[in-house]
Amino acid sequence: MALWEVNLERHQGLGPVFASLDSSRILQEVGLAINQGGVGKGQGILFLDEIQAIPSALSALRYFHEERPDLAVIAAGSLLEFAMGPEAFSMPVGRIEYCWLGPMTFTEFLEAIGENLLATTLKNYRLNETFPMAAHDRLLPLLRMYFLVGGMPEAVARFAESRDIVRARDVHSSILETYRDDFGKYAKRADLEKLWRIYEALPSNIGLKVRYNRFHPDWKASDIRRCLELLQRAGLVDMAVHADGTGLPLGAAEDPTVMKLFHLDCGLVSTAIGRAAIPLEDFISGRFINEGPFAEQVVAQLLLRSGSVNSRPQLHWWLRCRKSANAEVDFITAAGGKVLPIEVKSGTSGSLRSLHQFMLMHQGGIALHLDMNPPSSQELDLEVMTASGKARVCYSLVNLPLYFAERIQGLMGEDRGNLRTGA
């Protein structure tokens, strides 16, 4: 099968050709531009990279769909252009299939650095099986390595070649500066200073409930929110929105004014806050400040890759605010047709008081605890304090290592029916 790849940013002269909406002419001139004959003839894939550089190419996708259904066409590009650019993009509704992509997952990272056996072990694990301790002991330092390197493909590639965190950090710095510089193109759509300030403050605000005065005490909340929404649409920010968690769908009972923020990638966060400057060996073996929110960042970006790529992913969390009795569950999601609360810990121990409070609404259900311990499960039956006094809560608790975050939908959806507690 042939691959015909054209970077439209490098061939912007093709703009009038795509504007003609003539699929035969487009294929002919693309072939001339990339010096390849027979583009569109026989089995093959036409890959239009940086499609945002030629907005009319989006409209042309409709005519490829209608006139050349035998030809597979893939388009990719920067969401910054779509979110903030001034052009009115005409999307061929019903003629294209969306795929929401993100940074490489931990399993993909393992494969990239040559740890294929461990990657296969992760993929093949099922609930209630005994997970090999030799694999667990090897995966923990590799997970902390992923904390620093992250999942941006070029950073992973540089690290895989050299095992030098400095080379990955250089890629991170370049990406962060490129994003920042790109904001200058869109000053008419959003105040440039606010975009810069909010973007640069994101790494120190991951996992925290949004309070607008943290970004600037004198700015209007509406202006800050608009900037955050632009950054989210651009794919640089992910938001976990509060939902009451009483039932599905979660979005039916969410409060978009109560949210917490996550960055695009943990590796970019590491470099932005200076964590990537720590020698790799020291980071793998040590403990550092901000590890709790940072673990949430990793889980957030892996959760976003755990579902279907054909629908835009959404993160939810649960927060109960009462005087001297706040409770918070890091994430809640849907798995196996049920509400699944997820508590995240960066170490091997920690309190589950908030999880107990949440499970009062889901007696007999299943909750998930992610930390650095091997997989296990247990039945909990205990008393908790409520506003009305003591109450009994009973539920099944599944404990999984953080490195399984990307498989939550599969493990807790398809496999949860086979769960036997007490493992």
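Throughout what follows, the structure given in this document is the object of discussion.

Reading the values: rules and limits
Sequence order as written defines the numbering, with residues in each chain counted from 1. Two thresholds apply to this predicted model, a pLDDT of at least 70 for residue-level local features and 80 or more for giving and counting side-chain atom pairs, whereas whole-chain, interface and lining totals are computed over all residues. Note that the side-chain values use all heavy atoms of the structure and ignore hydrogens as well as water. For each residue, the accessible area found with a 1.4 Å probe, counting protein chains only, is set against the maximum for its type, and the residue is called buried under 20%, exposed over 50%, and partly exposed in between. Helical segments are the DSSP runs of H or I of at least four residues, strand segments are the runs of E of at least two, and each set is numbered from the N terminus. Comment: arc refers to directions from the helix axis out to C-beta atoms. Only heavy atoms matter for contacts: two residues are in contact if any of them lie within 4.5 Å across the pair. Strands qualify as paired when DSSP identifies two bridges or more between them. Helix axes are fitted to C-alpha atoms over the stretch in contact, other axes to C-alpha atoms as well, and angles between N-to-C directions run from 0 to 180 degrees. When a carboxyl oxygen of Asp or Glu lies within 4 Å of a side-chain nitrogen of Lys or Arg, that pair is called a salt bridge. Only Phe, Tyr and Trp rings take part, Trp by its six-membered ring, and two of them pair if their centres are within 6.5 Å. Stacked means planes under 30 degrees apart, edge-to-face means over 60, and tilted covers everything else. Lysine and arginine charges are scored as sitting over a ring when NZ or CZ, respectively, is within 6 Å of the ring centre and within 35 degrees of the ring normal. Oblique is the label for any angle not under 35 degrees, not over 145, and not in the 65 to 115 range, which are roughly parallel, roughly antiparallel and roughly perpendicular in turn. For this classification, the nonpolar set comprises Ala, Val, Leu, Ile, Met, Phe, Trp, Tyr, Cys and Pro, the charged set comprises Asp, Glu, Lys and Arg, and every other residue, Gly included, is treated as polar.

1. Quick notes on helix α6 (residues 116-124)
- Along α6, the residues classified as buried are Leu 118, Ala 119 and Leu 122. What you see down the axis of α6 is that its buried residues fit within an arc of 100°, all on one side. Opposite the packed face of α6, turned more than 90 degrees from it, sit the exposed residues Leu 117 and Asn 124.
- Of the surrounding elements, those touching the buried residues of α6 are α5 (106-112) and α7 (133-149).

2. A short note on the sheet that holds strand β4 (residues 237-243)
- Taken in spatial order, the eight strands make up an open sheet running β5-β4-β6-β7-β8-β9-β11-β10, and their pairing is mixed. One side of each edge strand has no neighbouring strand; the edge strands of this open sheet are β5 (254-263) and β10 (376-386). Neighbour-to-neighbour, the strand axes of the sheet open up by a mean angle of 40°, direction not taken into account.
- Sheet topology places strand β9 (residues 366-371) next to strand β11 (residues 389-401); six bridges connect them, and they run parallel. Following the sheet pairing, Leu 368 is matched in β11 by Val 398.

3. Brief notes about the pattern of salt bridges
- Throughout the structure, instances matching the rule amount to 17 salt bridges.
- When the shortest N-O distance is used, the salt bridge between Arg 144 and Glu 291 registers 3.1 Å. With Arg 144 in helix α7 and Glu 291 in helix α14 (residues 291-303), this residue pair connects regions lying 147 residues apart in the sequence. Like Arg 144, the residue Glu 291 is buried in the burial classification.
- A single network of salt bridges, built from pairs that share partners, joins Lys 260, Glu 296 and Glu 328.

4. Thoughts on the packing of aromatic side chains
- Counted according to the given criterion, the structure contains 15 aromatic pairs.
- Centre to centre, the rings of Tyr 98 and Trp 100 are 6.0 Å apart; their planes meet at 15°, and the pair counts as stacked.
- By relative accessible area, which is 26% here, Trp 100 ends up partly exposed.
- Note on Trp 318 and Phe 358: the rings are 5.2 Å apart at their centroids and 75° apart in plane angle, and the pair reads as edge-to-face. In this pair, Trp 318 is assigned in strand β6 (residues 315-320) and Phe 358 in helix α15 (residues 353-359), connecting sequence segments 40 residues apart.
- A relative accessible area of 7% means that Trp 318 is categorised as buried.
- Every member of this aromatic cluster is reached through a ring pair, and the members are Phe 106, Phe 109, Tyr 125, Phe 131, Tyr 146, Phe 159, Tyr 403 and Phe 404.
- The lysine or arginine in question, Arg 62, covers the ring of Tyr 63, its NZ or CZ lying 5.9 Å from the ring centre.

5. Quick look at the packing of helix α2 (residues 23-34) against helix α3 (residues 56-67)
- Between α2 and α3, the least distance of the axes is 10 Å, while the angle of their chain directions is 110°. As the angle between them shows, α2 and α3 are arranged roughly perpendicular. Contacts from Ser 23, Ile 26 and Leu 27 in α2 reach Ala 60, Phe 64 and Glu 67 in α3.
- For the contact of α2 with α3, a count of residues per class yields four nonpolar, one polar and one charged.

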